Amino acid sequence: MTIEPVLSLPTLPAPGEKICILHLEDSELDHELVVLNLESDLPWEAEVTRVEDEQGFLGALRSSPPHLILSDFSLPAYDGLSAFKAAHKLYPNLPFIIVTGAMGEEVAVDTLRQGVTDYILKQRLERLPASVRRALAEAEARESRERAEHEVRALNVTLQARLTEVERLRGVAERQSQRLEVQAKQLEEALNLQKTFLAETSHELRTPLTSLLGYLRRADREAGGSQVIQDAQRVAENMTRLVNDLLQLSRGELVQSVEMHFMNVGRLLEQVGRDYGVEVKARSIEIVGDPGRLNQVFANLVSNAIRVAGSPDKVRIEVGDRPGEVEVCVIDRGPGVPDHIKPKIFDKFFRGKEAGSAGLGLTIAQQVVTAHGGRIDVSDTPGGGATFCVRLPLLDEDEDE
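Here's a quick rundown of the structure. Since this is a predicted model, take the numbers as computed values, not measurements.

**Focus on the environment of T363**
Its place among the elements puts T363 in helix α9 (residues 361-371). Put simply, T363 and F346 are 17 residues apart on the chain and 5.0 Å apart in space, counted from C-alpha to C-alpha.

Here is the structure:
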């Protein structure tokens, strides 16, 4: 929808200022009488321009619109009603007063019905100033009202366009919301399937692992303390513990069953290094912890490091002292962990680019370390790679004694 432009009238001047009046009149004497009456009783300075025929009238009208038109009703080759229609076509609100020598009542009523503002008989010109003031005031009010209506229509068009855009955007938002709901539902279903798979797999693995442990224990008794069988038994126990942890995590539970003992973390790390063939720089350090659980933590960190680095010779374990705690670092020369991944690497089911697991190993490690009153974090290895550091509390002096 478009708003057609409206030709506006000149603004009504303040009292004392000049108003422009176009007078269609073929008689010079009648023109002078009109000017005389206007000068005597108007609050403005009247500038009256006289034209005598159609050509002059239309030319003056197009060159500069006046504030008011006065017109004789009958001219030799033109008439007042035709002049009104021509002016009304260009300026619908332009005041138009017929000033004529004689007009029947029926003709006068007909001119008013067609839109002429007023008519004045030449023998009653003393009425002209009042008629002019009234006509100008009405025209100004009508012009202001139509300007306001025009602005309201334009505003309505703008508002309608904006409402249309809002509706379009709302439709886009609703479609996006529906897509997100579908994606969220698909993600929830995938997570539920993953949890179900872990739970079912854990259940399936527990039975053969229990049987395997039984066979290994019997073989150990029969062999009389074989180191190989004892190492195999320890690995099987760790696997059983891992399966139980997976089952707990699949149910949304925390890793439990941490059994604290006095233990030597240095010896445990040497054992892990021997199992995986990695360099270990450790010394004998006593702490209170669960050997099986901590073995599980360091075995997980070492196996992950070997997988991402490509070989055991690119992985090493270092042990250092910190105030009140021991720090165990598993250092690799692999591709490293990007900064944007570090904050979520311990989240349950998170799998990095190099992942080859269900994304639970680091979650279990973090929960075990936390249960020991320690903490675990990841940083960049100088020169490239990742360093996972586990910090565990040392024995208090009272406990040592």
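Here the narrative resumes, following the displayed structure.
**What about the packing of aromatic side chains?**
Two aromatic rings are characterised by how far apart their centres lie and by the angle between their planes. What the rule picks out here adds up to three aromatic pairs. When the centroid spacing of 6.4 Å and the interplanar angle of 55 degrees are considered together, the rings of F57 and Y78 count as tilted. In this pair, F57 is assigned in helix α2 (residues 54-63) and Y78 in the loop between β3 (68-71) and α3 (80-90), connecting sequence segments 21 residues apart. Residue classification places F57 among the buried positions, given a relative accessible area of 0%. A ring pair is formed by F346 and F388, whose centres lie 6.3 Å apart and whose planes are at 85 degrees; its orientation type is edge-to-face. Note that F346 is positioned in the loop between β10 (325-332) and α9 and F388 in strand β12 (residues 386-393), a separation of 42 residues in sequence.

**Details of the pairing of strand β8 (residues 286-289)**
Side-chain alternation along β8 places I287 and G289 on a buried face and E286 and V288 on a face that remains uncovered. Note that strand β6 (residues 261-264) and β8 share four bridges and pair antiparallel. Within β8, the position partnered with N264 by the bridge is E286.

**Some thoughts on the pattern of salt bridges**
Per the counting criterion, the structure on display carries 23 salt bridges. Residues D321 and R283 are paired through a salt bridge, measuring 2.1 Å at the closest nitrogen-oxygen approach. Here D321, found in strand β9 (residues 315-322), pairs with R283, found in the loop between β7 (279-281) and β8; they are 38 residues apart in sequence, far enough to count as distant. Residue class for R283 comes out partly exposed when judged on its relative accessible area of 44%. The partner of R391 in a salt bridge is D377, with the nearest N and O atoms 2.7 Å apart. With R391 in strand β12 and D377 in strand β11 (residues 375-380), this pair connects stretches of sequence that are 14 residues apart. Accessibility expressed as a relative area gives 10% for R391, which makes it buried. Linked through salt bridges whose partners overlap, the residues forming this network are R322, E325, E327, R375, D377 and R391.

What counts and what doesn't
- Residues numbered from 1 in each chain as written.
- Predicted model: local features only at pLDDT ≥ 70, side-chain atom pairs only at ≥ 80, totals over all residues.
- Heavy atoms only, no water.
- Helix = DSSP H or I, 4+ residues; strand = E, 2+ residues; numbered from the N terminus.
- Phe/Tyr/Trp six-rings, centres within 6.5 Å; stacked < 30°, edge-to-face > 60°.
- Buried < 20%, exposed > 50% of the residue type's maximum accessible area, 1.4 Å probe, protein only.
- Pairing = 2+ DSSP bridges.
- Salt bridge = Lys/Arg side-chain N within 4 Å of Asp/Glu carboxyl O.

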